[in-house]
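Take a look at the letters that make up each chain.
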2 protein chains.
Amino acid sequence: MGRPIVRLKDIADKTGFSVNTVSLALRDSPRIPQDTRLMIQQAAEALNYLPNHIAKSLVSRETRTIGLVLTSITNPILTRVAQAIELRLAERGYLTLFATSNGDHQDEKKVIEMFRSRQVDGMLIYPRGHRELDHIRRLRLAGYPVVLLVGDTDAEVDVVSMDARLGGYKAVRHLIERGHSRIGLIDGGQQRGNLEKQDGYIRALADAGIAWDAALHAVPAAHSVMAGYEAMAELMARDNGMTAVLAATDSMALGALRWTQQHGLRVPQDMAIVGFDNIEFAEHAATPISSIDYAVDRVTELAVDRLIALIRADGLPEVEITLIEPELVVRASSGGR
Amino acid sequence: MGRPIVRLKDIADKTGFSVNTVSLALRDSPRIPQDTRLMIQQAAEALNYLPNHIAKSLVSRETRTIGLVLTSITNPILTRVAQAIELRLAERGYLTLFATSNGDHQDEKKVIEMFRSRQVDGMLIYPRGHRELDHIRRLRLAGYPVVLLVGDTDAEVDVVSMDARLGGYKAVRHLIERGHSRIGLIDGGQQRGNLEKQDGYIRALADAGIAWDAALHAVPAAHSVMAGYEAMAELMARDNGMTAVLAATDSMALGALRWTQQHGLRVPQDMAIVGFDNIEFAEHAATPISSIDYAVDRVTELAVDRLIALIRADGLPEVEITLIEPELVVRASSGGR
DNA sequence: GTCCCTTGTATTAGCGCTAACAGCCTCCTA
DNA sequence: TAGGAGGCTGTTAGCGCTAATACAAGGGAC
């Protein structure tokens, strides 16, 4: 490869100053007179000098890099989150190292180790599950700035997240207000806030005096449109009197909608549908789908703010859990407009 | 933050060996006898040692990091590409530094400089446009491994990409075969392969003896569903006798479909629709949409292979342009099945 | 003219690691 | 028993940069 690497030394040789003087001049130190500074800066420009960030990091002990750990991105909302985070971090002068855990606990641990080895200044993590946060807690205790992008009040690590429980609650309450009492749940499995969604669902039902009914509960293997379609088929086959359904992601809600279309059900008259995340395709579906909005901007902004606050902090600040109240966007699929 | 950093020195102090011996032992050098090696490795484990990748990079002159430059991710296909790339690079021991250019030329340049400054081993770039590749060509000439993820045969830089021109050609030929001659084009502007798509469109028409008609051409500002919807409205308002439409992305195709639904047009009888990228939501739309498949797996695999080959290469290998022939997936929106 | 202070610069050390080399044993061979 | 060969480990230097310190020259105050 042999790239032509221009170092401070080369500028020093060219201008006749020492490496240290060049370093100071390029950093606009007042200790170097203006004339000298300009001359050195011009020489640097002429040589097309680019500072070696690696060497700088070794000295300064900060890389200005943060690690973003995601599970596999099947859910479109995660990509929006990732992009928004990258953008906000870039604004603050940080680059984003990116890795996916594939929803596997061992992989998640390995990825975090890699990031540590590369001396990232902090990490934003979508953990695989809520039950296994010990390794992340240890990270925090070791003084590593970490913010989880999903979590609960008992995480013992900083969290900035959409309040999925409240989202589930709001969605179901909305359906109950529209007169539904047999409300299905297409769940998302153990991953990423779905236990909270399920919990919100259960509480809203309970508050209305409606008991949990396993016959109304489906847990597909994936989060895809197809998974939603099949879950809907399964629920309908059970002949459970269902008149409304809540899906843990909009993709699955779209799958459910598709099933109703193909089987001659009218939405919302025969079947009301509510999804999660409020992705673009939910709004523009054949029947626009009501959805719990993810508030990507607020979540990512607060998460990045918090992470940078942790990086700048001295000691080990108190854990802060920020759950953002999500809005329900009512559309035709649940009788809106 | 003051994290407790364990260095080789700490292991050396604990075991009584020198730093160098420790370093060799941890790298399983045959020059260190087995017993010593084991003992040192255990000590390292006990201290929870993690090698400092930054320091290693400074010496080895490789960071095992590659930079991925994307335009803004509104197009869902880009996120799939990004994820697939991250995965393949991870398999080969590389981490992915991630940055978006926002479709701005200056930002693109700045991002590339940042990556250089951070000594990435190579870059994968979705350039903003095809007309401004000079800075990337210079990168290549300076010996930097670069692969473009979109491009044309005259790029003078390595390219691995879907053959968008051929995709456009195939889509239009398909529509012509189904009897259409007034075929609209909802274009994607100058960005990311859309000039090629347009060119394919024009050639297919020309081959069938049909002239280009500006009245059938719309160029929305974005790639969103809404943009497709509005472009469709604009095309229909022109009263141009259009019976089929090709959209440069599936998102826009979905917008076009939505317009037809709201205005009582039957698809495909009154209006055939074909999109690009074959995203999940195209397949499961109210009327499943025909689409040119992106072949994410092949593109990303070949791109990563090529990049790593360039990284390992000695000199400056010949430019290699790989355009992958895309398949047309015919669905109901253009009369399939 | 001495002293001190400022100004501008060079020198040195060190970040954590690797690579090249040097040195000291022990053991074998002639 | 001298001499060499190997095995094992330590020493030194250097990656490109920054920070601390040293130092030389010039200018003022007394």
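Residues numbered from 1 in each chain as written. Chains lettered and ligands numbered in written order. Predicted model: local features only at pLDDT ≥ 70, side-chain atom pairs only at ≥ 80, totals over all residues. Heavy atoms only, no water.

Visitor: Quick one: what's the story with the nonpolar core, residue by residue and with numbers?
Guide: Judged by nonpolar contacts, the single largest core of 141 residues is most densely connected at Leu124 and Ile273 of chain A together with Leu124 and Ile273 of chain B. Among residues more than four places away in sequence, those in contact with Leu124 of chain A are Ile66, Gly67, Leu68, Val69, Ile85, Leu89, Val147, Leu149, Ala303, Val304 and Leu307 of chain A. Ranked by size, the runner-up nonpolar core spans 38 residues in total, among them Ile112, Met123 and Leu139 of chain A together with Val120 of chain B. (Core = buried A, V, L, I, M, F, W, Y, C linked by side-chain atoms within 4.5 Å. Buried < 20%, exposed > 50% of the residue type's maximum accessible area, 1.4 Å probe, protein only. Contact = heavy atoms within 4.5 Å.)

Visitor: Tell me about the protein's contact with DNA strand C, residues and numbers included.
Guide: Close to DNA strand C lie 24 residues; Arg61 of chain A together with Leu8, Asn20, Ser23 and Tyr49 of chain B are nearest. What you see for DNA strand C is that sugar and phosphate hold 68% of its atoms within 4 Å of the protein. Measuring from a base oxygen of DNA strand C, one finds a side-chain N or O atom of Asn20 of chain A at 3.3 Å. Mapped by element, the contributors of at least two residues to the surface near DNA strand C are helix H2 (19-26) and helix H4 (53-60) of chain A together with helix H2 (19-26) and helix H4 (53-60) of chain B. When its residues are assigned to classes, the surface near DNA strand C shows 10 nonpolar, eight polar and six charged. (Near = heavy atom within 4 Å. Polar contact = N/O pair within 3.5 Å; in protein donor to acceptor, adjacent residues only side chain to side chain. Helix = DSSP H or I, 4+ residues; strand = E, 2+ residues; numbered from the N terminus. Nonpolar A, V, L, I, M, F, W, Y, C, P; charged D, E, K, R; others polar.)

Visitor: Provide a residue-level description of the pattern of salt bridges, including the pertinent values.
Guide: In total, this model carries 42 salt bridges over all chains according to the counting rule given. The salt bridge involving Glu156 of chain A is made with Arg137 of chain A; its shortest N-O contact spans 3.8 Å. Here the residue Glu156 of chain A occupies a position in the loop between strand S4 (146-148) and strand S5 (159-162), and Arg137 of chain A occupies one in helix H7 (residues 134-141), the gap between them amounting to 19 residues. Judged by relative accessible area, which is 52%, Glu156 of chain A ranks as exposed. Note that Asp199 of chain B is salt-bridged to Arg165 of chain B, the shortest N-O span being 2.6 Å. With a gap of 34 residues between them, Asp199 of chain B in helix H9 (residues 194-207) and Arg165 of chain B in helix H8 (residues 164-177) connect regions that are remote in the sequence. A network of salt bridges, in which partner residues are shared, links Arg140, Asp158, Arg306 and Glu320 of chain A. (Salt bridge = Lys/Arg side-chain N within 4 Å of Asp/Glu carboxyl O.)

Visitor: Outline helix H11 (residues 250-262) of chain A, listing residues and values.
Guide: An α-helix turns once every 3.6 residues. As a result, residues three or four positions apart point the same way. Residues and elements named next belong to chain A. End to end, H11 covers 18 Å across 13 residues, agreeing with the expected 18 Å (1.5 Å per residue, within 8%). Counting buried positions along H11 gives 11 out of 13 residues, so the element sits mostly inside the fold. Among the residues of H11, those classed as buried are Asp250, Ser251, Met252, Ala253, Leu254, Gly255, Ala256, Leu257, Arg258, Trp259 and Thr260. Count one or two residues on from H11 and you reach Gly264, which has phi positive near 70 degrees. (Expected span 1.5 Å × (residues − 1).)

Visitor: Give a detailed account of the protein's contact with DNA strand D, specifying residues and quantitative values.
Guide: Taken together, 24 residues lie near DNA strand D, and Leu8, Asn20, Ser23 and Tyr49 of chain A together with Arg61 of chain B sit nearest. Each atom of DNA strand D within 4 Å of the protein was assigned to sugar, phosphate or base; sugar and phosphate come to 70%. The separation between a base oxygen of DNA strand D and a polar side-chain atom of Arg31 of chain A is 3.3 Å. In this structure, Tyr49 of chain A approaches DNA strand D through a side-chain N or O atom, which is 2.4 Å from a phosphate oxygen. Listed by contribution, the elements that provide at least two residues to the surface near DNA strand D are H2 and H4 of chain A together with H2 and H4 of chain B. Grouping the amino acids of the surface near DNA strand D by side-chain chemistry returns 10 nonpolar, eight polar and six charged.

Visitor: Explain the pairing of strand S3 (residues 122-125) of chain A to me, using residue names and the numbers behind them.
Guide: Residue and element names in this part refer to chain A. The two faces of S3 match: Gly122 and Leu124 on one face and Met123 and Ile125 on the other face are all buried. Of the strand pairs in this sheet, strand S1 (residues 65-70) and S3 are connected by four bridges, and their pairing is parallel. Paired with Val69 across the bridge in S3 is Ile125. In this sheet, S4 lies alongside S3 in parallel orientation, the contact comprising three bridges. The residue bridging Ile125 from the neighbouring strand is Leu148, located in S4. Crossover connection from S3 via H7 to parallel S4: handedness right-handed. (Pairing = 2+ DSSP bridges. Right-handed = clockwise from strand over helix to strand, strands pointing away.)

Visitor: An account of unusual backbone geometry is requested, with residue identities and associated values reported.
Guide: The linkage connecting Val267 of chain A with the following residue, Pro268 of chain A, adopts the cis geometry, with an omega of 10 degrees. Mapping Pro268 of chain A onto the fold places it in the loop between H11 and strand S9 (272-277). Its identity as a non-glycine residue notwithstanding, Arg61 of chain B has a phi of 60 degrees, on the positive side. Topologically, Arg61 of chain B is positioned in the loop between H4 and strand S1 (65-70).

Visitor: Mind laying out the environment of Gly103 of chain B, listing which residues take part and the relevant values?
Guide: Within the secondary structure, Gly103 of chain B is located in the loop between strand S2 (95-100) and helix H6 (105-117). Separated by 31 residues in the primary sequence, Gly103 of chain B and Ser72 of chain B have C-alpha atoms spaced 6.4 Å apart.

Visitor: Tell me what's going on with the side chain of His105 of chain B, and back it up with residues and numbers.
Guide: Checked against the element boundaries, His105 of chain B lands in helix H6. Judged by relative accessible area, which is 18%, His105 of chain B ranks as buried.

Visitor: Can you break down the domain arrangement of chain A residue by residue, with the values?
Guide: Residues and elements named next belong to chain A. Splitting chain A by domain gives domain 1 (8-51), domain 2 (60-162 + 296-324) and domain 3 (164-294 + 328-334). Roughly 1500 Å² of surface becomes buried between domain 2 and domain 3 when both sides are summed, with 53% attributable to carbon and sulfur atoms. Considering only the surface of domain 2 that becomes buried against domain 3, Asn75, Ile77 and Met162 emerge as the three largest contributors, covering 36% of it. Across the contact surface, domain 2 and domain 3 share one salt bridge. Ionic pairing is found between Asp152 and Arg165, a salt bridge with its closest N-O pair at 3.4 Å. Joining domain 2 to domain 3, the criterion identifies four residue pairs in polar contact (both at pLDDT 80 or more). At the level of elements, helix H5 (76-91) and helix H13 (296-312) are the ones that each hand at least two residues to the side of domain 2 that touches domain 3. Looking at the side of domain 2 that touches domain 3 element by element, the count peaks at five residues for H5. Residues of the side of domain 2 that touches domain 3, tallied by class, amount to 11 nonpolar, six polar and four charged. (Domains from an automatic or database assignment. Buried area = accessible area lost by both parts, 1.4 Å probe.)

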